[in-house]
Amino acid sequence: MTSWFWAAHPRVAPRIRLFCFPYAGAGANVYRGWASRVPPDVEVVALQLPGRGPRLREPAVDRLEPLFQALRGAFLPYQGVPFVFFGHSMGAVLAFEFCRWLRRHGDAAPMHLILSGCEPPPPESDSPPPRRLSDTDLIAWMRSMGGTPEGVLDNAEYMQLALPALRADLALVDAWRPMPEAPLDIPVTIMGARDDTLVPASVLEGWRDHTRSAYACHLFSGGHMFIRTEEASVLELICSVLVSGR
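Residues numbered from 1 in each chain as written. Predicted model: local features only at pLDDT ≥ 70, side-chain atom pairs only at ≥ 80, totals over all residues. Heavy atoms only, no water.

- Naming follows an unreviewed UniProt entry, where the protein chain appears as Alpha/beta fold hydrolase of Polyangium mundeleinium.
- Turning to the protein chain, the UniProt record has this under Sequence similarities (unreviewed entry): "Belongs to the thioesterase family." (UniProt positions renumbered as here; feature names shortened; annotations may be inferred.)

Some thoughts on the packing of aromatic side chains
- According to the stated counting rule, one finds 21 aromatic pairs in the structure shown.
- Pairing Phe5 with Phe75 gives two aromatic rings, centres 6.1 Å apart and planes at 50 degrees, and the pair type is tilted. Remark: Phe75 occurs in helix α1 (residues 64-75) and Phe5 occurs in strand β1 (residues 5-6); sequence separation between them is 70 residues. Phe75 carries the same exposure label as Phe5, and that label is buried.
- For the pair Trp34 and Phe86, a centre-to-centre distance of 5.3 Å together with 50 degrees between the ring planes defines the contact as tilted. Residue Trp34 is located in the loop between β2 (16-21) and β3 (42-47), and its partner Phe86 is located in strand β4 (residues 83-88); the two are separated by 52 residues in the primary sequence. As far as the burial class goes, Trp34 and Phe86 line up, both buried.
- Grouping aromatic residues by their ring pairs yields a cluster made of Phe5, Phe19, Phe21, Phe68, Phe75, Tyr78, Phe83, Phe85, Phe98 and Trp101.
- Over the ring of Trp4 we find Arg55; its NZ or CZ atom is 4.2 Å from the centre of that ring. (Phe/Tyr/Trp six-rings, centres within 6.5 Å; stacked < 30°, edge-to-face > 60°. Helix = DSSP H or I, 4+ residues; strand = E, 2+ residues; numbered from the N terminus. Buried < 20%, exposed > 50% of the residue type's maximum accessible area, 1.4 Å probe, protein only. Lys NZ or Arg CZ within 6 Å of the ring centre and 35° of its normal.)

What follows is the structure, encoded as structure tokens:
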């Protein structure tokens, strides 16, 4: 394993790998519990970005191209086994764009792309970028989104260490201006929430234009962090993709 990827329960000979891309400010540990809730022949591998978790002291990356250039060498050894990409919110941006980046460089593609809680490109927003908020207001914004334990948000010392990575992640999303490219040739599954005020369910159908293959969109109860509040249902859908390949 490399510092870029982490598996809570490595498999000796997995049939398939599920690569999980974290949402803004999060580390690989947010997917810690998933390994025991997928089929035993599936290995869950989470992306561990700089600036958080065991890489807390490393500078965070706020642009896609240098991130993918650094990530490619660490990712190539995993390509001997079929794989699926999953990402939520910022993680969906990373999963989608890394999939396209691999295609441009002639590398293997995932067998399925699962994107959650993310507006389809091109992103549009009239709201001021959260990264420009004061520390106090940014923490309040995180609290309103859910998904971060109150004990973490109330730990002032930890938050001072964690906020730079969150701001870098938000800058990455703010700067996301997808290049025009042909649609993907792999199945795409989209997940959203009925009460998500950050990514309204009404915009999700725009993802249909980004694949020539099978497309599905599923809505869950809850707000933007429905992957936490509706985790059992989210994992049930992911497992159905992993088992069927569709």
